[in-house]
Amino acid sequence: MIDLRPVAHPIGKIIVTLGVSMLSPMLVDWWHGDPHWVVFLQCAALTTVAGTLVSVATWGDYKSLSIQQAFLLTSGLWAVLPVFGALPFMLGQPDASFTDAYFEAMSGVTTTGTTAFPELDGLPRGTHLWRAILHWIGGLGIVVVAMVFLPIMKVGGMQFFRSEGFDTLGKIMPRAGEIAAEMTRIYIMLTGFCTITYLLLGMNGFDAIVQAFGTVSTGGFSNYDASFGAFLGPLEWAASFFMILASIPFIRLVQGMRGDFTPIWRDLQIRAYLRWIFYACAIIVAYRVIFLRHQGNIVDITRETVFNTISTFSGTGFFSTDVMTWGHLPIAILIICGLIGGCTGSTACSVKVFRYLVLFQAVRAQLRRMHSPHRVYALRYEGRPLDQDVIDSVMAFFTLFMLTFGLLIVGLSLTGLHPRTALTGAWTAIANIGPVWGPEITANGSVAEFPEAAKWLMTLGMYLGRLELVSVLVLLLPRFWRG
């Protein structure tokens, strides 16, 4: 029998932290004379009390977690947090149903950025800040999970990074605090730099904080129906820069902050990621200028393309224009970019660059074996040999990801959605990207008009995608519960 106390105790503490964080939007609404602040006070009290009760009831000296407990902790945390995160959306504005509120909160903590609210411009400032806080917390959480838990749980080849900067050596709890503290420091610094940059380029303080939270978490929640379309020009270049920083391995940023930039330049993931971004942007710009003959300054077209491409590639989900006007080829490229995603160990989502690099090596080795079946081809990554269990884990992840993606498309289609909406809805959910394109989408890009069944399917997709599928699906195996 699995002891659930070491799992429930940290979840209770994090729920308390979530409750305390509700005081920030409460103070914002109070400062602006909005009576909506009372809602956040009530939700903060309820959430803090609930988290405290769970934490106290499971109090103990827990120095380590088993593998089963690690799986339960990661899966349970991302399922429970949206329940409490949804409270302000139900009890206050926009007075959402539980389905819409839970969808919005799940979209926040998974840094997806898809909204279920049909109008954002008229919401209280506190609600906007709470949406931003949700995915800022979610972004930090997934970085810590990627550094602490996924390598130990051997999810999707992540065991390759067990000695990458922080070697937990199977002892999850003793070094979890150290790793979390290091990641939190760099995360806060990056958020601060991003906020200051936005301020210097003309945003007001509140807008700068909300957009910075969305940028660094690669979440993409904005406080405007126009998303980042309210901030055109140099701000798009600045956002593009910080979206790239947030979607490269945070361990590299830590090393850079310590003055050692060599690992950043040598990192195979980062080089491939930047190269693929360049290829995607170059093709889309050329297509828009040559084939679509878009009128306007080439610099403006380039800026617009670079921003929206990086936003999709990193899984941020901001948009500054209607990309559907770009034509079929650019949309196909954006969908491919979304299915690649950023780098491992970052706030980015989707399959990740590392797994594609392993996949390409495995395919190339297989083709060589067909030509020379008696030769041995050793797969290596950055000079280190790739163990067979890493390769098998990556292949299993790819298979499971694409299978789940296909099942989501079918499921969304069965709810009555247009095929294009079902495709992009499944794509944005499983890869945690943000935008959905189709006739059922509202003017601000929300899924408010989707059937409830479709919203729950997307919620499930966001949850599975953010936790890299295996972390959740392993709980369905009877052997898991037998230990």
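Above this text is the structure in question.
All values reported here derive from a predicted model rather than from experimental measurement.

Engineer: Could you give me a rundown of the overall build of the chain, with the residues and numbers involved?
Structural biologist: Summing up its helical and strand segments, the chain has 22 helices and 2 strands in all. When the backbone C-alpha atoms are referred to their principal axes, the chain occupies close to 75 × 65 × 50 Å. Within the chain, the fraction of its 483 residues that count as buried is 59%. Pairs at least 24 residues apart make up 71% of the contacts formed inside the chain by residues separated by at least 6 positions. Only carbon and sulfur atoms are counted for the fraction: they give 66% of the accessible area of the chain, which is about 19700 Å². Across the chain, 31 positive and 29 negative side-chain charges occur, with their mean positions spaced 14 Å apart.

Engineer: Report on unusual backbone geometry, specifying residues and quantitative values.
Structural biologist: For the bond from Q93 to P94, the omega torsion is 10 degrees, close enough to zero to count as cis. Relative to the helices and strands, P94 resides in the loop between α5 (87-91) and α6 (98-109). Backbone geometry places T218, a non-glycine residue, at a positive phi of 50 degrees. You can see T218 is positioned in the loop between α10 (205-216) and α11 (234-246). Of note in this structure, E468 is not a glycine but carries a positive phi near 60 degrees.

Engineer: For the pattern of salt bridges, give the residues involved together with the corresponding values.
Structural biologist: Under the counting rule described, the total for this entry stands at 11 salt bridges. The residue D100 makes a salt bridge to K455 at a minimum N-O spacing of 2.7 Å. Separated by 355 residues along the polypeptide, D100 in helix α6 and K455 in helix α20 (residues 452-466) bring together distant segments of the chain. Classification of D100 as buried rests on a relative accessible area of 15%.

Engineer: Which residues make up the nonpolar core, and what are the values?
Structural biologist: Ranked by size, the top nonpolar core spans 141 residues in total, and within it Y198 and F228 carry the most contacts. Per element, the largest residue contribution to this core is 11 residues, and it comes from helix α7 (residues 125-148). Among residues more than four places away in sequence, those in contact with F228 are Y198, M203, Q211, L235, E236, A239, F307, F318, F319 and S320.

Engineer: Run through the packing of helix α14 (residues 268-291) against helix α17 (residues 353-371), naming residues and quoting values.
Structural biologist: Between α14 and α17, the shortest axis-to-axis distance is 9 Å and the interhelical angle comes to 95 degrees. Judged on the interaxial angle alone, α17 and α14 are roughly perpendicular. Contact residues: α14 offers L268, Q269, A272, Y273 and W276, while α17 offers V353, F354, Y356, L357 and F360. Residue composition of the contact of α14 with α17, grouped by class: 9 nonpolar, 1 polar and no charged.

Engineer: Outline the state of the cysteines, listing residues and values.
Structural biologist: As enumerated under the stated definition, the model contains 0 disulfides in all. Free cysteine: C349, not disulfide-bonded; nearest cysteine sulfur from C343 at 12 Å. According to the relative accessible area criterion, C349 is buried, its value standing at 1%.

Engineer: Got a sec to walk through α11? Specific residues and values, please.
Structural biologist: Here α11 contains 13 residues, and its C-alpha end-to-end distance of 19 Å stays within 8% of the 18 Å for a straight helix at 1.5 Å per residue. L235, E236, A238, A239, S240, F242, M243, I244, L245 and A246 are the residues of α11 that are buried.

Engineer: How would you summarise the side chain of K455 if you had to cite specific residues and measurements?
Structural biologist: The class for K455 is buried, based on a relative accessible area of 5%. Excluding its chain neighbours within four sequence positions, the residues that come into contact with K455 are T99, D100, F103, V447, A448 and F450.

Engineer: I'd like to hear about the side chain of T404, residue by residue, with values.
Structural biologist: Structurally, T404 can be placed in helix α18 (residues 388-414). The residues touching T404, leaving out its near neighbours within four places in the chain, are I430, L464 and L469.

Engineer: An account of the packing of aromatic side chains is needed here, citing residue identities and associated values.
Structural biologist: Considering all chains together, one arrives at 25 aromatic pairs under this definition. Three or more aromatic residues joined by ring pairs form one cluster here, namely Y198, Y224, F228, F231, F307 and F318. Lying across the ring of F206, R125 places its NZ or CZ 4.8 Å from the centre. One residue, R131, lies across the ring of F221, its end atom 4.0 Å from the ring centre.

Engineer: Run through a nonpolar patch on the surface, naming residues and quoting values.
Structural biologist: Judged by side-chain polarity, V289, I290, F291, I298 and V299 come together as a nonpolar surface patch covering roughly 480 Å² of accessible area. Counting residues per element, the ones that place at least two in the nonpolar patch are α14 and α15 (298-313). It is α14 that provides the largest number of residues to the nonpolar patch, a total of 3 residues. Within the fold, I290 resides in helix α14. Judged by relative accessible area, I290 falls into the exposed class, the value being 53%.

Engineer: I'd like to hear about the environment of L334, residue by residue, with values.
Structural biologist: Mapping L334 onto the fold places it in helix α16 (residues 328-340). Between the C-alpha atoms of L334 and R364, which are 30 residues apart in sequence, the distance is 25 Å. Setting aside chain neighbours within four positions, we find L334 in contact with I284, N308, T309, T312, V323, W326, W427 and W437.

Engineer: Residues and numbers for the packing of helix α1 (residues 5-21) against helix α4 (residues 67-85), please.
Structural biologist: Their axes nearest at 9 Å, the elements α1 and α4 cross at an angle of 30 degrees. Judged on the interaxial angle alone, α4 and α1 are roughly parallel. The handedness of the crossing between α1 and α4 is right-handed. The residues of α4 that touch α1, namely those facing P6, V7, P10, I11, I14, I15 and L18, are Q69, L72, L73, G76, L77, V80, L81, F84 and G85.

Definitions and cut-offs
Residues numbered from 1 in each chain as written. Predicted model: local features only at pLDDT ≥ 70, side-chain atom pairs only at ≥ 80, totals over all residues. Heavy atoms only, no water. Helix = DSSP H or I, 4+ residues; strand = E, 2+ residues; numbered from the N terminus. Buried < 20%, exposed > 50% of the residue type's maximum accessible area, 1.4 Å probe, protein only. Contact = heavy atoms within 4.5 Å. Areas by Shrake-Rupley, 256 points an atom, 1.4 Å probe, with all protein chains shown as cover. Lys, Arg positive; Asp, Glu negative; His and termini not counted. Charge placed at Lys NZ, Arg CZ, Asp CG, Glu CD. Salt bridge = Lys/Arg side-chain N within 4 Å of Asp/Glu carboxyl O. Core = buried A, V, L, I, M, F, W, Y, C linked by side-chain atoms within 4.5 Å. Axes fitted to C-alpha atoms, helices over the stretch in contact; angles between N-to-C directions. Parallel < 35°, antiparallel > 145°, perpendicular 65-115°, else oblique. Nonpolar A, V, L, I, M, F, W, Y, C, P; charged D, E, K, R; others polar. Disulfide = S-S within 2.5 Å. Expected span 1.5 Å × (residues − 1). Phe/Tyr/Trp six-rings, centres within 6.5 Å; stacked < 30°, edge-to-face > 60°. Lys NZ or Arg CZ within 6 Å of the ring centre and 35° of its normal. Patch = residues over 30% accessible without salt bridge, like charges linked within 9 Å, V, L, I, M, F, W, Y side chains within 5 Å. Left-handed = near helix turned anticlockwise from the far one by under 90°.

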